[in-house]
Amino acid sequence: MNIASMLFNRFVRSTCLILSLFIILIHSSYGLVTLPIIKDINGLVITKISIGKNKFKFLIDSGSNANFVHETFIKKMEGTKTLVRASKLDTFVAHFNKKKASRAYMLNLKIKNLPFLDMLSYQSNTRRFSQKLDGIDCCDGILGTPFLKKYPFLFERGKKIISIKGNVAKSFIDIPITIKGKDVIFLDCQMAGGNQFNFRLDTGSEAPLILQPPAIKKHFVREKLSLKGYDGKGPAQLVFTKLSCGKSHQVAINALYVPIKSGALAHTFAHGNIGPYLLGQSYYIDFKNKLLKVDPRGLPKKAQKLNFPKFELLFKKQSNNQFKPSLLLQAHILMLKSCIEQSVQGNECFTKTCKILGMNLCPAYDQAQPAFINAVSFFSNKMDTPDCKLQDILSHFEHSPLQHSYCQWKLTTNFKYPKDTVEINELESALPTPVDNKVSTKVLANPIYITKTFYCYYIFQKLITYKSLPAKLFAFSINGVSLSSASQKSYYKWQKTNEGAACNEYVKDSLGQNTTMFDSLFQDKTYLIILNPLVALADGAHLFKKNLLKHYNHERLHCLYADDPAIKNKANKLWRDLNEDKKEQFKKAHPSYDFTDNNTLMKEYFSYTYESNLSGLF
């Protein structure tokens, strides 16, 4: 076993903190009592308590909301008044990376004149330290919040004394705390740069700070580590800036990322577990009155060294939208999956997509694999990595599709859309219309370009709302776009308003890129039509040409509606002659449109009516 592995094993043993469900609060009168600190392992306090003729070693751990006792302690004490079996409270408790069935007991201690009665405790392997690695064989048990909440405790690591008393020196400074859930102590802290964190105080953790899933997800920690070369194996040390918890409390601290998805070190109700390193040499915990005080003279001056690979990540307030394009790629995967499922030959979806995107080398299609796996493999050949398995991707699409996913981002991080515009020969067979000589037609193959160029135009024209069609779905929800050169002037003015600026910011936050203008695409024509061939594939490769021509007709009908007053009158009459039931049916069938604008309603009904058969119009 190498040194790094030994240190990690020690870390695992010392931070294997266990959650329980049932805590009973009992208060008692008290006087000054002291306990010795017989061992201090990077801030982890181990004490010795006499029970009759026996002396037992206990780790004191604010991160454990139950007590835990070792099998050897149980054999000596079970059946006595000290340890009373509570079989009705047996349950499963969270260990390092899984839950285990544990027997329940009521632990009753008396330290000098102070009783510690009816403390719910569970049987567990509490031998976390060895003489060889830590200089002590330990422990007989872990005393958590059922022990700490009985009386105020003053820990003086330099003097190797724990004092159970009701006051503390005036020189100590306050750190605000809250008690939540099953006796969990929380600290509100702030990183240099302004980011807020809600940490769980865990004096049983040898690491100064272990980040938990909420902070890892919020700050894209896994993504940033991956970009810096982290392979997903084992813990990683993260360089934090100074951390403040309370106005006068500031320390330099390093954090630890541990790639664990379940168990006591992967809870989802705090940004991280912060260890005793934050508290310095002397600290005072009064659980009942929600007081935490520290001696400023004993606070650490520099960050504790951790023997794990070191990565410097930014935790200051910043935009992390560089990772957002993976949302579009997820939508594309779902579209490609739909194409495969609707096609007689699924490989035709690969061939068509590669042609549309202008890819020189098309990924291999596997007839034996399900549609979903083929759709994922199109964007990445690496189906399994140490920190992302295929099952993770399947689970994500099942439970939270179109939400940011590290594994989805990682699989598609090397995929680049190769073209913005493509040539499509399927349009050559389209029936001519009187407006064609006024139209510039472009076929766009890049969904990122489509969104950043036309999403805000759709908002401006009241064709959609943010709620009816979010930006991340836009490029795989629209078949095409039609615009007039006259409308672009009013659109540019709108862009400079607060509403326009808000839309641009929304697109940037959703996509990771700034919006762009489309004036160059007109090429001195009156109208511009944009077609989206990727959506035309959703119904199956065999319907691609038919769908693309229908979408082309739909947008040309928009141009006709805008260009010819006679056509506009025809469209208005068409809608007026429709009975009310059919009007409601049409509106319900197209929920993404903003039909509060009557012009949008007329135009869309007219285009949907004739898109499949233009010959009936003339």
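In the block above lies the structure referred to throughout.
Report follows, based on the coordinates. Model, not experiment: these values are computed from the prediction.

Structural notes on the pattern of salt bridges
In the structure shown here, the tally under the stated rule is 15 salt bridges. Between Lys352 and Glu426 there is a salt bridge, with its nearest N and O atoms 3.5 Å apart. Of this pair, Lys352 sits in helix 8 (residues 347–357) while Glu426 is found in the loop between strand 26 (421–422) and strand 27 (439–444), placing the two residues 74 residues apart along the sequence.

Here's the deal with the layout of surface pockets
Counted as a void, the second largest pocket has a volume near 690 Å³. Lining the second largest pocket we find 39 residues, and of these Leu463, Ser482, His558, Lys603 and Glu604 sit closest to its centre. Secondary-structure elements contributing two or more residues to the lining of the second largest pocket are helix 12 (447–460), strand 28 (480–484), helix 17 (544–563) and helix 20 (598–610). The element contributing the most residues to the lining of the second largest pocket is helix 17, with eight residues. Class assignment for the residues of the lining of the second largest pocket results in 17 nonpolar, 14 polar and eight charged.

Some words on the nonpolar core
The biggest cluster of nonpolar side chains holds 102 residues, and the ones touching the most others in it are Phe454 and Phe474. For this core, the leading source of residues is helix 12, giving ten residues. If we skip the residues at most four places from it in the chain, Phe474 touches Ile450, Thr451, Phe454, Tyr455, Tyr458, Ile464 and Leu469. Membership of the second largest hydrophobic core comes to 68 residues, among which are Val45, Cys189, Leu209 and Val221.

Focus on the pairing of strand 27
Within strand 27, five of the six residues are buried, which leaves the element mostly enclosed by the surrounding structure. For strand 27 and strand 29 (residues 527–531), the ladder comprises five bridges, and the chain directions are parallel. Bridge assignment links Val439 to a residue of strand 29, and that residue is Tyr527.

What about the packing of aromatic side chains?
Under the defined criterion, the tally for this structure stands at 46 aromatic pairs. Between Phe378 and Phe379, the aromatic rings sit 5.1 Å apart at their centres with planes inclined by 70°, giving edge-to-face as the arrangement. On the basis of relative accessibility, which here comes to 3%, the residue Phe378 falls in the buried class. Here the aromatic rings of Phe415 and Tyr417 are separated by 5.2 Å at their centres, their planes lie at 90°, and the arrangement is edge-to-face. These aromatic residues form a ring-pair network of at least three members: Phe454, Tyr457, Phe460, Tyr491, Tyr492, Trp494, Phe518 and Phe522.

Calculation notes
- Residues numbered from 1 in each chain as written.
- Predicted model: local features only at pLDDT ≥ 70, side-chain atom pairs only at ≥ 80, totals over all residues.
- Heavy atoms only, no water.
- Salt bridge = Lys/Arg side-chain N within 4 Å of Asp/Glu carboxyl O.
- Helix = DSSP H or I, 4+ residues; strand = E, 2+ residues; numbered from the N terminus.
- 1 Å grid on protein atoms, 1.4 Å probe; cavity = no way out; pocket = protein on both sides within 12 Å on 5 of 7 lines; lining within 4 Å.
- Points joined across faces, edges and corners; volume = space filled by probe spheres on them.
- Nonpolar A, V, L, I, M, F, W, Y, C, P; charged D, E, K, R; others polar.
- Core = buried A, V, L, I, M, F, W, Y, C linked by side-chain atoms within 4.5 Å.
- Buried < 20%, exposed > 50% of the residue type's maximum accessible area, 1.4 Å probe, protein only.
- Contact = heavy atoms within 4.5 Å.
- Pairing = 2+ DSSP bridges.
- Phe/Tyr/Trp six-rings, centres within 6.5 Å; stacked < 30°, edge-to-face > 60°.

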